[in-house]
Amino acid sequence: MANFRVIETIPLNNVQSISNLCGDKALDISSNASHIVTDFSQKRPQLIEKDVLVDQALYMMKMGHVRSKIVIDHDENFMGVISSSDLSSYKVLHIAQLRNVSRGDLSVENLMLKKDEMRAIDFAKINNYTIGDVLATLKNLGQQHVLLIDKQHTLRGLISASDIARALHIPININEKAHTFKEIFDVVFAQLDKNKTT
């Protein structure tokens, strides 16, 4: 390796405890929403191109230990959001049947939540809200994610229901909302599929 130094390491024999990196106060539903924001100015967003096939996308998410990615086109324009649950749910087979193709022929674009189906929160106002406010908003939208935009209408961040669940150590169930007959059918079909597995 060129010009890199080996860092001196320390044995762990005498280490007994783990530091509380988040401070002494645990997060709860009334904590400020800024604590659960994935801020793209601090952490590079997880991106995936629209034409990545389902199995490859799912593999990438599992190997990267991420549950969602922002979908872009070849010019890196924002198109939507895809989650690992989108890639492994009944929706995959349902859309494959509708398109008369095999499951493996579907791409991220076929399954993603498109940007015109999503809503955003003004990043500058996020400090005015609690985690509970964000959770109520996600439930009202019937979506797993809400994006944050800045004054230039650029994506600045993301909040996901799974991040809230992980931060609060509670299960969170967001029921999808349907707006068209097709979406109503999809939601009912998804609920039937969930009932079969439980």
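Higher on the page you've got the structure.
Residues numbered from 1 in each chain as written. Predicted model: local features only at pLDDT ≥ 70, side-chain atom pairs only at ≥ 80, totals over all residues. Heavy atoms only, no water.

Engineer: Just give me the short version of helix H6 (residues 161-168), but keep the residues and values in it.
Structural biologist: Within the span of H6, buried status applies to Ala161, Asp163, Ile164, Ala165 and Leu168. Taken together, the buried residues of H6 touch strand E1 (38-39), helix H5 (131-141) and strand E8 (155-160). His169 sits one or two positions beyond H6 and adopts a positive phi of about 60°. (Buried < 20%, exposed > 50% of the residue type's maximum accessible area, 1.4 Å probe, protein only. Helix = DSSP H or I, 4+ residues; strand = E, 2+ residues; numbered from the N terminus. Contact = heavy atoms within 4.5 Å.)

Engineer: Which residues make up the sheet that holds strand E4 (residues 78-83), and what are the values?
Structural biologist: Strand order in the open sheet made by the four strands is E2-E3-E4-E5, with mixed pairing throughout. Of all strands in the sheet, those bounded by a partner on one side alone are strand E2 (47-49) and strand E5 (113-114). Note: E4 against E5, two bridges, orientation antiparallel. For Val81, the partnering residue across the bridge sits in E5 and is Leu113. (Pairing = 2+ DSSP bridges.)

Engineer: Now, about the pattern of salt bridges: what can you tell me, with residues and values included?
Structural biologist: Under the defined criterion, the tally for this structure stands at three salt bridges. Among the salt bridges present, the one from Arg156 reaches Asp39, with a minimum N-O distance of 2.9 Å. Taken together, the residues Arg156 in strand E8 and Asp39 in strand E1 connect sequence positions 117 residues apart. By relative accessible area, Arg156 is classed as partly exposed at 24%. (Salt bridge = Lys/Arg side-chain N within 4 Å of Asp/Glu carboxyl O.)

Engineer: So what's going on with the pairing of strand E7 (residues 145-149)? Residues and values would help.
Structural biologist: The side chains of a regular strand alternate between both faces of the sheet. When you tally the buried positions in E7, you get four out of five residues, the bulk of the element. Where strand E6 (residues 120-122) and E7 come together, three bridges link them in parallel fashion. Bridging across to E7, Ile121 finds its partner in Leu148. In this fold, the crossover linking E6 to E7 by way of H5 has right-handed handedness. Taken together, the five bridges between E7 and E8 define a ladder with antiparallel strand orientation. (Right-handed = clockwise from strand over helix to strand, strands pointing away.)

Engineer: Which residues make up the sheet that holds E8, and what values go with them?
Structural biologist: Across the sheet, which stays open at both edges, the four strands sit in the order E1-E8-E7-E6 with mixed pairing between neighbours. At either end of the open sheet lies a strand with only one pairing partner, and these are E1 and E6. Here H5 sits on the sheet in contact with E7 and E8, set at roughly 115° to E7. Relative to the sheet, H6 contacts E1 and E8, its axis offset from that of E8 by approximately 60°. (Axes fitted to C-alpha atoms, helices over the stretch in contact; angles between N-to-C directions.)

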